[in-house]
Amino acid sequence: MTLSEHQQEFALHIGYLLQHINAAGYACTFGDAYRSPKAFGGMGEKGPYGRSKSAHKQRLAVDLNLFKDGRYLADTEDHKPIGEYWKALHPLNRWGGDFSNPDGNHYSRWYEGIA
Ligand SMILES: [Zn+2]
């Protein structure tokens, strides 16, 4: 698959994820999605925050702010059931809650060693 094909499938899967979030009784808003090199530096360059090599720079990650009953759910563990659904959608999908430095609101697609 080309990078563009991964990006297209990632976007489609985010659509499925948003529908699942709603059906499971949650709501969400978008955090960061694409991180432009104009603001964050190119791949491998350190920007104002985030990793120097980031799936956000590949259009393969989105951070979702999760809510239930109007309450913001900030903890990684709060995202766990959503992360499990996300990973089941595709073998290359990654959830930030599994990272060595957990990042529970991060939903991404692994590509060329970056998730
Ligand atoms: Zn992220």
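Below you will find a few notes about this structure. The structure presented is a predicted model; accordingly, all values stated were derived computationally and were not measured.

1. Some words on the layout of surface pockets
Taken as a whole, the largest pocket encloses approximately 190 Å³ of empty space. Along the wall of the largest pocket there are 15 residues; nearest its centre are Arg-35, Arg-51, Phe-99, Asp-103 and His-106. Grouping the constituent residues of the lining of the largest pocket by class yields 5 nonpolar, 5 polar and 5 charged.

2. Notes on the packing of aromatic side chains
Following the criterion strictly, the structure yields 4 aromatic pairs and no others. Ring plane angle 90° and centroid distance 5.7 Å describe the contact between Phe-10 and Trp-86, whose orientation is recorded as edge-to-face. Taken together, the residues span a long stretch of sequence, with Phe-10 in helix 1 (residues 3-23) and Trp-86 in helix 3 (residues 76-89) at a distance of 76 residues. Among the aromatic residues, ring-to-ring pairing joins Phe-10, Trp-86 and Tyr-107 into one connected group. For Arg-59, the ring lying beneath its charged end belongs to Tyr-34, and the centroid distance is 3.7 Å. Looking at Lys-68, its charged tip hangs above the ring of Tyr-26, at a distance of 4.3 Å from the centre.

About the criteria used
Residues numbered from 1 in each chain as written. Predicted model: local features only at pLDDT ≥ 70, side-chain atom pairs only at ≥ 80, totals over all residues. Heavy atoms only, no water. 1 Å grid on protein atoms, 1.4 Å probe; cavity = no way out; pocket = protein on both sides within 12 Å on 5 of 7 lines; lining within 4 Å. Points joined across faces, edges and corners; volume = space filled by probe spheres on them. Nonpolar A, V, L, I, M, F, W, Y, C, P; charged D, E, K, R; others polar. Phe/Tyr/Trp six-rings, centres within 6.5 Å; stacked < 30°, edge-to-face > 60°. Helix = DSSP H or I, 4+ residues; strand = E, 2+ residues; numbered from the N terminus. Lys NZ or Arg CZ within 6 Å of the ring centre and 35° of its normal.

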